[in-house]
Amino acid sequence: MEDDLQEAVEVFTSVRPRLFGIAYRMLSSAAEAEDLVQDVWLRWQTTDRSEVINPAAFLATTTTRLAINALQSARVRRETYIGPWLPEPVDTSADPYLGAERGEALEFAALILMEKLTPNERAAYVLREAFDYPYGQIADILQSTEPAVRQLVSRARKHVTGERRAPVSTEAQKRLLTTFVEAARSGDMAALERLLAVDVVSLSDGNGARQVSRFPVTGVMKLANMFHVIAGWFWDGVEVRFAETNGQPSAVLLRDGRVAAVLAITASDDGIDQLLWIMNPEKLTAI
């Protein structure tokens, strides 16, 4: 009995990073993904493992199906969220495995676009694009057919890639982010205007927190003016550290030694087109 449990632990531990990777990409929340993976472990303990031919496939199937259910209930909860909702950032330099197999479906821009997919579309897209599961295996997991799964992946891929501009390189993204922070801290409107795309949008996720915008702010002039106005107080006492979250350069803003915000951007040849401010304290515990 003890040997059997030890084997169950070893099997689960070996695939746990992948299970977390699936759950996080489905839910965009590290905390919810951790809870879900823990639930999978409890179910694995009580499963008749002698009947399981392929433990890794069984555990991935369990994780995906639970994530589909969790995503449906999460969307109901998000209807009462105050202001823009953004994914919870994860430190991929501290957890390199999360993006090690394939970095797809991990960056903020992709996660935001995936919010518009159906749960089954999202599951099919994550399993195929991020983990390269065969269509037949995805069909088994989703209790569907291979042609239907191919359609799910195709629709999801068109949605996720069709709405995105061609991104700049990681090096260029880091340069833009660093230059933006410098310009925003100083309130240099001319420098800000040069960095931003014409239709740039700033989204702040604070869930109603004080002094956090509850509405998207769009357009170069509006944003340049806003950062010029808040430069005198927002950045006061703030330490900026650059990190890698969700496989991309990010700025971690600390106030009194505590993480106050994570700033990420998306950018194309037109400049920065999205500023993503994660400021809800509940979403910063993993950083």
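What counts and how
Residues numbered from 1 in each chain as written. Predicted model: local features only at pLDDT ≥ 70, side-chain atom pairs only at ≥ 80, totals over all residues. Heavy atoms only, no water. Helix = DSSP H or I, 4+ residues; strand = E, 2+ residues; numbered from the N terminus. Buried < 20%, exposed > 50% of the residue type's maximum accessible area, 1.4 Å probe, protein only. Contact = heavy atoms within 4.5 Å. Polar contact = N/O pair within 3.5 Å; in protein donor to acceptor, adjacent residues only side chain to side chain. Core = buried A, V, L, I, M, F, W, Y, C linked by side-chain atoms within 4.5 Å. Pairing = 2+ DSSP bridges. Expected span 1.5 Å × (residues − 1). Salt bridge = Lys/Arg side-chain N within 4 Å of Asp/Glu carboxyl O.

Trainee: Hey, could you run me through the environment of Gln248 in this one?
Mentor: Along the chain, the position of Gln248 falls in strand 4 (residues 248–255). Residue Gln248 is classed as buried on the basis of its relative accessible area of 3%. Sequence spacing of Gln248 and Gln173 is 75 residues, and the spatial spacing of their C-alpha atoms is 8.3 Å. For Gln248, the residues in contact, after removing those within four places along its chain, are Glu107, Phe108, Gln173, Ala243, Ala264 and Ile265. Within the local environment of Gln248, its side chain forms a polar contact with the backbone oxygen of Ile265, the two atoms lying 3.1 Å apart.

Trainee: Just checking my understanding: could you explain the nonpolar core for this structure?
Mentor: General note: in soluble globular proteins, nonpolar side chains tend to be found buried as a group. Among the nonpolar cores identified, the biggest contains 49 residues, and Phe12, Tyr24, Met26, Met114, Tyr133 and Leu142 are the most heavily contacted of them. Of all the secondary-structure elements, those providing two or more residues to this core are helix 1 (2–27), helix 2 (30–46), helix 3 (55–78), helix 4 (108–114), helix 5 (119–130), helix 6 (135–142) and helix 7 (146–162). The greatest single-element share of this core, amounting to ten residues, is contributed by helix 1. Filtering out sequence-adjacent residues up to four positions away, Tyr133 remains in contact with Arg18, Ile22, Ala60, Leu127, Arg128, Ile138 and Ile141. Ala224, Trp235, Ala251 and Leu253 belong to the second largest nonpolar core, which has 33 residues in total.

Trainee: What's the story with the pairing of strand 5 (residues 258–268) in this structure? I'm lost.
Mentor: Along a regular strand, successive side chains alternate from one face of the sheet to the other. Most of strand 5 sits out of view: eight of its eleven residues are buried. Of the strand pairs in this sheet, strand 4 and strand 5 are connected by five bridges, and their pairing is antiparallel. Each bridged residue has a counterpart across the sheet, and for Ala251 the counterpart in strand 5 is Leu263. The hairpin formed by strand 4 and strand 5 contains two residues between the paired strands, and Asp256 there has a positive phi angle of roughly 55°. Pairing analysis gives seven bridges linking strand 5 to strand 6 (residues 271–278), with the strands arranged antiparallel. Bridging across to strand 6, Thr266 finds its partner in Gln274.

Trainee: Can you walk me through the side chain of Gln274 in this structure?
Mentor: In this fold, Gln274 is placed in strand 6. The exposure class of Gln274 is buried, given its relative accessible area of 17%. Once residues lying within four places of it in the same chain are set aside, the contact partners of Gln274 are Ala109, Val200, Val201, Leu203, Ala264, Ile265 and Thr266.

Trainee: Explain helix 8 (residues 170–186) to me, please; I cannot follow it from the model alone.
Mentor: Residues three or four positions apart in an α-helix share a direction because the helix packs 3.6 residues into each turn. Taking 1.5 Å of rise per residue, 17 residues should cover 24 Å, and helix 8 covers 25 Å from first to last C-alpha, within 8% of that figure. Three or more residues of helix 8 are buried, namely Ala172, Gln173, Leu176, Leu177, Phe180, Val181, Ala183 and Ala184. One or two steps after helix 8, the chain reaches Gly187, where phi turns positive at roughly 70°.

Trainee: Can you help me understand the pattern of salt bridges in this one?
Mentor: Opposite charge on two side chains makes pairing possible when the charged atoms of those side chains draw close. Inspection of the entire model under this criterion finds 14 salt bridges. Between Asp4 and Arg49 there is a salt bridge, with its nearest N and O atoms 2.5 Å apart. Residue Asp4 is located in helix 1, and its partner Arg49 is located in the loop between helix 2 and helix 3; the two are separated by 45 residues in the primary sequence. Residue classification places Asp4 among the partly exposed positions, given a relative accessible area of 34%. Exposure remark for Arg49: the relative accessible area of 17% places this residue in the buried category. As a salt-bridge pair, Arg43 and Asp39 come within 3.4 Å of each other at their nearest N and O atoms. Residue Arg43 and its partner Asp39 are located together in helix 2, separated by four residues, close to a single helical turn.

Trainee: Help me understand the sheet that holds strand 4, please; the structure alone is not making it clear to me.
Mentor: The pairing of strands in a sheet comes from backbone hydrogen bonds and takes either a parallel or an antiparallel form. Taking strand neighbours across the sheet as the criterion, the six strands line up as 2-1-6-5-4-3 in an open arrangement whose pairing is mixed. The sheet is open, and its two edges are formed by strand 2 (217–218) and strand 3 (238–245), each paired on a single side.

Trainee: Quick question: what am I supposed to make of unusual backbone geometry here?
Mentor: Unusually for a residue other than glycine, Gln143 sits at a positive phi of about 55°. Mapped onto the fold, Gln143 is located in the loop between helix 6 and helix 7. Assessed through its relative accessible area of 66%, Gln143 is described here as exposed. Despite not being glycine, Gln211 has its phi angle at roughly 65°, a positive value. When you line up the elements, Gln211 lands in the loop between strand 1 (196–205) and strand 2. For Gln211, a relative accessible area of 53% gives the class exposed.

In short, shape yes, function no, at least from these values alone.
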